[in-house]
Amino acid sequence: MRELLGGKGANLAEMANLGLPVPPGFTIPTSVCNYFYDHAKSYPKDLKAQVEKALAYVGKLTGKTFGDPNNPLLVSVRSGARASMPGMMDTVLNLGLNDETVEALAALSGDKRFAYDSYRRFITMYSDVVIGFEHHHFEEILDTYKDSKGHVLDTDLTAEDWVEIVDQYKDAVRKETGEDFPQDPHAQLWGAIGAVFGSWMNARAVTYRQLHAIPESWGTAVNVQAMVFGNMGETSATGVAFTRNPSTGAKQLYGEFLINAQGEDVVAGIRTPQEITEAARKDSGSDKPSMEAAMPDAFKELTRIYTLLEKHYRDMQDLEFTVEQGKLWMLQTRSGKRTAKAALRIAVDLANEGLISRKDAVLRVDPASLDQLLHPTIDPAAKRDVIATGLPASPGAASGEIVFSSDEAAKLQADGRKVILVRVETSPEDIHGMHAAEGILTTRGGMTSHAAVVARGMGKPCVSGAGTIRVDYGRGLMTAGGRSFKAGDVITIDGGVGQVLAGRMPMLEPELADEFGTLMGWADEVRKLKVRANADTPEDARVAIKFGGEGIGLCRTEHMFFEETRIRTVREMILADDEQKRRAALAKLLPMQRADFVELFEIMQGLPVTIRLLDPPLHEFLPHTQAEIEEVARAMETDPRKLADRARDLSEFNPMLGFRGCRLAIVYPEIAEMQARAIFEAAIVVNKRTGKAVVPEVMVPLVATKAEFDMIKARIDATAQSVMRDQGAQIKYEVGTMIELPRAALMAGEIAKTAEFFSFGTNDLTQTTYGISRDDAGSFLGAYVSRGILEIDPFISLDRDGVGELVKIGVERGRKTRSGLKVGICGEHGGDPASVTFCHEIGLNYVSCSPYRVPIARLAAAQAALGKKAEGQA
Ligand code: PEP
Ligand code: MG
């Protein structure tokens, strides 16, 4: 019932149903949150009575009474949305304490020190969350008090010290607010409930929801639960654990705990936590005892429970627990956040352990997250200048300029700079900076600290808890091992091993683990869509093959000409003012093109290769500077002034809709002939060399009418005949077209009479359907998305309703004319999981995407075949 109870509430109820030790409590559902915001922050009429009744029942179960001065029930009040939003909303612990009940707690526990420690924690949290009097005020009071007594640690303080500190805290609240700290437990409770609902709309929660596409309408629930105390002395503790390693996926209980502490101490990373298992303690070299050694009974119980929870939820769990005087209590379980690497390993392991099916495993990994596996690592041959070490909080390596604030990170990133965000610790206010940074480095905090958890979720490299680094925000300086680095200096972090290095490091492409191949194999068994790559160079083609590409869906031949020596010849061709000069330039280009295609065909070993005829938005090729014009003029033996005139003639107002695509081949057919010749000659060469049949697919871009296509196809066919005659060899080939203009989609039935395949160029189709220029969209589409006019940039994810409708029409009409027409997509959308789902649904034969996204497309295609809908779809 997560929709109603939120994740935390639903899982607490589930654990209680399983008979696990969960402190009694109740959940105010998300529907009340929606009511709250729909009704000027007021509650449904009967809520008060229901809460009172539930509180009384919790009291009955615990043998205590809320507000009773002699035997008080104390509660925690926590948020819990449908989707996990770690640390984004508010929590209050120890609620119900006041000047009277604190004495009762002291008497009942026989530990006055504990009672007043709990009270001061409550005052801090309640003031911070409900009153808006921030916690640092209290930390300052505490520090001043400790200094005055010559103490360093909280544990040095006695009960009397805490009594005094509580008094000072209350004075501070009175000074700040003009009122006493609230003593009525019921007033406290409603204050906390209101604050938790209120926190649904705080700035960091709103940002988090935007980043994770969580609808505002979901709302948060409020969980009210009897307190259990991890700070009741040496037999008490609190901890967090993952049932498997969230970084690597290894099957080992993984977490940390603190003796005599409350949950916030672990999360805040103020004290360095201890390991849970002996094995982990040995690995870390820590001299503090593990939970396994210090609390063997509670550890055994934890092991029993986590094994049961993994079986029940059939997934890796993220647990929170408290040990109160030797007894273990479960405070939370949820599916654990994990790196892509861990997600893969866990999915494959769970399937091999028989907990889930292979199909489930395929559905368990978010295709987009595979990007994380493709992160660069530092070249092992490179010499490392290690300036500090910390925890390997999130894998991958990154170099960048040091920035010390999130605002600065966002600012520099907007200027195209790469930065490493360096903070003592991060908090949810840092989300935008973490997003902007290449990597995150903190000097404090453990593996479950905010920085670690959030960076892992973002797939960004992170080193946390690098304790030897001193950060001086005021001076914009960090020092480590006697060396200083200022803002703007370049460092590298290695999140895989937890190192901080001076300078920029050479990076290596990642090696993929065995589980990757296994899961991809399972994905390939179920998917229907083929996955090809957009590859223009031999290097692209090799990467495509490595990642399982099943062919090349788009070779943009103009990209073969950007190299310096070649672009000169292309310029000669474009600027030639008669056919003879153009043919002279083309004759120089032919051998270059042929060699390119030979290499591509050889690498692809008989897999299909679609080669698109030149589609140059002319402005990309025209010479721009005087020097460039003179250079081409020399090669063409022409007057530079004449050439400059010609270049001016050719310049266009709107090159994306200008003299490009097939229009070039219509006006200068000799260009298409040269390219076709290069393709066919290369096919014959490779055919002879490898004995494998090469069946090139020649593709005509930006077609609007059948007549355009037919004219160019006739030239291609004639060239094929001529090459076969010259070479005395036979070749098979296909001639097809891109569908990237609305007219082509509408006329697909006509065009398919002669076109042998279609490939949807959804970049141009989106541009022409929306009438939004590809090159200029950046300046305003962001506002469209942030203002909710568009859900997502249509150049990133295919617009199903509009552009998608044209694609559907094109497929239907094309196949009506030519049944079994092969249809693919080669716009950027081919690597976007939601768009891949759409392509599967409308029955395309393949998607083609950039080589690095081939695995993403393979997995997305498999998930689509297993019936997974794209996000946002019912
Ligand atoms: C397209 O328009 O979708 C396409 C693949 O071609 P290009 O991006 O080269 O215009
Ligand atoms: Mg295009």
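Residues numbered from 1 in each chain as written. Chains lettered and ligands numbered in written order. Predicted model: local features only at pLDDT ≥ 70, side-chain atom pairs only at ≥ 80, totals over all residues. Heavy atoms only, no water.

Undergrad: Just to check I follow, could you spell out the sheet that holds strand β19 (residues 470-472) for this structure?
TA: The strands making up a sheet associate through hydrogen bonds between their backbones, and the pairing can be parallel or antiparallel. Overall, antiparallel pairing links the 3 strands, which are arranged β19-β20-β21 in an open sheet. Here the strands that pair on one side only, and so sit at the sheet edges, are β19 and β21 (483-486). Ignoring which end each strand starts from, the neighbouring axes of this sheet average 20° apart. In this structure, strand β20 (residues 477-480) lies alongside β21, joined through 4 bridges in antiparallel fashion. Bridge pairing links Leu477 to Lys486 in β21. (Pairing = 2+ DSSP bridges. Helix = DSSP H or I, 4+ residues; strand = E, 2+ residues; numbered from the N terminus. Axes fitted to C-alpha atoms, helices over the stretch in contact; angles between N-to-C directions.)

Undergrad: Would you mind showing me how to read the site of ligand 1 here?
TA: Around ligand 1, the structure places 13 residues, and the nearest of them are Arg556, Arg612, Gly761, Asn763 and Arg774. Contact distances for ligand 1 include 2.7 Å between an oxygen atom and a side-chain N or O atom of Arg556. Take Arg612: an N or O atom from its side chain is 2.9 Å from an oxygen atom of ligand 1. Contact with the protein chains covers 96% of the free accessible surface of ligand 1, which is 290 Å². Sorting the residues of the shell around ligand 1 by element identifies β26 (552-556) and α30 (762-770) as the ones contributing at least two each. (Near = heavy atom within 4 Å. Polar contact = N/O pair within 3.5 Å; in protein donor to acceptor, adjacent residues only side chain to side chain. Areas by Shrake-Rupley, 256 points an atom, 1.4 Å probe, with all protein chains shown as cover.)

Undergrad: Which parts of the structure should I look at to understand the sheet that holds strand β9 (residues 274-275)?
TA: The antiparallel open sheet is built from 5 strands, whose spatial order is β9-β8-β7-β10-β11. Lying at the two open borders of the sheet, with one neighbouring strand each, are β9 and β11 (327-335). Taken strand by strand, helix α13 (residues 296-313) contacts β10 (317-324) and β11, and its axis lies near 25° from that of β11. (Contact = heavy atoms within 4.5 Å.)

Undergrad: So what exactly am I meant to see when it comes to the packing of helix α19 (residues 514-526) against helix α34 (residues 854-865) here?
TA: Axes are the key here: two packed helices are described by the angle between their axes and the distance separating the axes. For the pair α19 and α34, the least separation of the axes is 8 Å and the interaxial angle reads 45°. Viewed along their axes, α19 and α34 adopt a mutual orientation that is oblique. In the crossing of α19 with α34, the sense of the turn from one axis to the other is left-handed. Taken together, the residues of α34 that come into contact with α19 (itself represented by Phe516, Leu519, Met520, Ala523, Asp524 and Val526) are Pro855, Arg858, Leu859, Ala862 and Ala865. Considering only residue class, the contact of α19 with α34 consists of 9 nonpolar, no polar and 2 charged. (Parallel < 35°, antiparallel > 145°, perpendicular 65-115°, else oblique. Left-handed = near helix turned anticlockwise from the far one by under 90°. Nonpolar A, V, L, I, M, F, W, Y, C, P; charged D, E, K, R; others polar.)

Undergrad: In this structure, what is going on with the environment of Ile402? I would like to understand it.
TA: Structurally, the position occupied by Ile402 is in strand β15 (residues 397-403). What Ile402 contacts, discounting residues up to four positions off in sequence, is Ile420, Val422, Met478, Phe485, Lys486, Ala487, Gly488, Asp489 and Ile491.

Undergrad: Would you explain a negative patch on the surface in this entry?
TA: A cluster of acidic side chains, namely Glu139, Glu140, Asp143 and Asp147, defines a negative patch on the protein surface. By the secondary structure assignment, Asp147 is in helix α6 (residues 135-149). (Patch = residues over 30% accessible without salt bridge, like charges linked within 9 Å, V, L, I, M, F, W, Y side chains within 5 Å. Salt bridge = Lys/Arg side-chain N within 4 Å of Asp/Glu carboxyl O. Lys, Arg positive; Asp, Glu negative; His and termini not counted. Charge placed at Lys NZ, Arg CZ, Asp CG, Glu CD.)

Undergrad: Just to check I follow, could you spell out the coordination of the magnesium ion (ligand 2) for this structure?
TA: Tetrahedral metal sites with four donors have an ideal angle of 109.5 degrees; octahedral sites with six donors have ideal angles of 90 or 180 degrees. Binding of the magnesium ion (ligand 2) to the protein goes through Glu740 (OE) and Asp764 (OD), at separations of 2.0 to 2.2 Å. Of this pair, Glu740 sits in the loop between β29 (734-739) and α28 (742-746) while Asp764 sits in helix α30; the two residues are 24 residues apart in sequence, bridging distant segments of the chain. Considered together, Glu740 and Asp764 belong to a single accessibility category, that of buried residues. (Donors = N, O, S within 2.8 Å, 3.2 Å for Na, K, Ca; no water. Buried < 20%, exposed > 50% of the residue type's maximum accessible area, 1.4 Å probe, protein only.)

Undergrad: How should the environment of Met232 be read in this particular structure?
TA: By the secondary structure assignment, Met232 is in the loop between β6 (220-226) and β7 (237-242). Relative accessible area serves as the criterion here: at 13%, Met232 is assigned to the buried category. Setting aside residues no more than four positions away along its own chain, Met232 makes contact with Ser109, Phe114, Asn260, Glu324 and Gln325.

Undergrad: Looking at this structure, how should I read the environment of Met507?
TA: For Met507, the position within the fold is in strand β24 (residues 507-508). The class for Met507 is partly exposed, based on a relative accessible area of 30%. A sequence separation of 130 residues divides Met507 from Thr377, and the C-alpha atoms of the two residues are 5.3 Å apart. Contacts of Met507, omitting those with residues within four sequence positions, involve Pro376, Thr377, Ile378, Asp379, Ala397, Ala398, Ser399 and Thr492.

Undergrad: Explain the domain arrangement of the protein here, please?
TA: A common measure of how large an interface is: the accessible area buried when the components associate. Taken domain by domain, the protein comprises domain 1 (2-226), domain 2 (237-335), domain 3 (376-508), domain 4 (527-617 + 652-865) and domain 5 (618-651). On a C-alpha basis, the centres of domain 3 and domain 5 stand 47 Å from each other. (Domains from an automatic or database assignment.)

Undergrad: I'm lost on the nonpolar core in this one. Help?
TA: Most often, soluble globular proteins keep nonpolar side chains buried together rather than apart. Membership of the largest hydrophobic core comes to 129 residues, with the highest contact counts inside it found for Leu519, Met573, Phe601, Phe680, Val700, Ile716 and Phe758. A per-element tally of this core places helix α26 (residues 669-690) first, with 11 residues. There are two domains that each give this core at least three residues, and those are domain 4 (527-617 + 652-865) and domain 5 (618-651). Setting aside residues up to four positions removed in sequence, Ile716 forms contacts with Leu613, Ala676, Phe680, Val698, Val700, Tyr733 and Val735. Counting residues in each nonpolar core, the second largest holds 80 residues, with Val75, Ala172, Ile193 and Val196 among its members. (Core = buried A, V, L, I, M, F, W, Y, C linked by side-chain atoms within 4.5 Å.)

Undergrad: Quick question: what am I supposed to make of the pairing of strand β30 (residues 757-760) here?
TA: Along a regular strand, successive side chains alternate from one face of the sheet to the other. Judged by which residues are buried, β30 turns out to be covered on both faces: Phe757 and Ser759 on one side and Phe758 and Phe760 on the other are all buried. When β29 meets β30, the two strands line up parallel, connected through 3 bridges. Bridged to Met738 within β30 is Ser759. Bridge analysis of β30 against strand β31 (residues 822-825) gives 4 bridges, and the strand direction is parallel. Residue Phe760 lies in a different strand from β31, and its bridge partner there is Ile825.

Undergrad: Looking at this structure, I do not really get the pattern of salt bridges. What am I missing?
TA: Oppositely charged side chains are able to pair whenever their charged atoms sit close together. Taken as a whole, this structure holds 61 salt bridges when the rule is applied. One salt bridge connects Arg314 with Asp360, and the closest N-O pair in it is separated by 3.7 Å. Placement of the pair is Arg314 in the loop between α13 and β10 and Asp360 in helix α15 (residues 358-364), with a sequence separation of 46 residues. Look at Asp360 and you get partly exposed, because its relative accessible area is 26%. Taking the shortest distance from any N to any O, the salt bridge between Glu681 and Arg677 comes out at 3.1 Å. Here Arg677 and Glu681 lie together in helix α26, a separation of 4 residues that amounts to about one turn. Through salt bridges with shared partners, one network takes in Asp524, Arg527, Lys530, Glu550 and Arg858.

Undergrad: What should I look at first to understand the pairing of strand β5 (residues 91-95) in this one?
TA: Burial analysis of β5 places 4 of its 5 residues in the buried class, which makes it a mostly covered element. Judged from the 3 bridges that link them, strand β4 (residues 75-81) and β5 form a sheet pairing that is antiparallel. Within the sheet, the bridge partner assigned to Val75 lies in β5 and is Leu95.

Undergrad: So what exactly am I meant to see when it comes to the side chain of Lys460 here?
TA: Mapped onto the elements of the fold, Lys460 is located in the loop between α18 (450-458) and β18 (462-464). Buried charge Lys460 goes without a salt bridge, the closest partner of opposite sign being Glu438 at 6.2 Å. There is a polar contact of 3.3 Å between the side chain of Lys460 and the backbone oxygen of Met434. Residues within four places of Lys460 in sequence aside, it is in contact with Ser394, Pro395, Met434, His435, Ala436, Ala437, Glu438, Ile440 and Ala455.

Undergrad: What should I look at first to understand the packing of aromatic side chains in this one?
TA: Aromatic ring pairs are reported here in terms of the distance separating the ring centres and the angle at which the planes meet. Summed over all chains, the structure comprises 15 aromatic pairs. Directly above the ring of Trp329 sits Lys327, whose terminal nitrogen or CZ lies 4.7 Å from the centroid. In this arrangement the basic side chain of Arg582 is found over the ring face of Tyr668, its NZ or CZ atom lying 3.6 Å from the centre. (Phe/Tyr/Trp six-rings, centres within 6.5 Å; stacked < 30°, edge-to-face > 60°. Lys NZ or Arg CZ within 6 Å of the ring centre and 35° of its normal.)

Undergrad: I keep staring at helix α27 (residues 706-727) and nothing clicks. Help me out?
TA: An α-helical turn contains 3.6 residues, so any two residues separated by three or four positions project in the same direction. Between its terminal C-alpha atoms α27 stretches 31 Å, which fits the 32 Å expected from 22 residues at 1.5 Å a residue. Residues of α27 that are buried: Glu708, Phe709, Ile712, Lys713, Ile716, Thr719, Ala720, Ser722, Val723 and Met724. Taken together, the buried residues of α27 touch α25 (662-667), α26, β28 (696-700) and β29. Just beyond α27, the residue with positive phi is Gly728, at close to 60°. (Expected span 1.5 Å × (residues − 1).)

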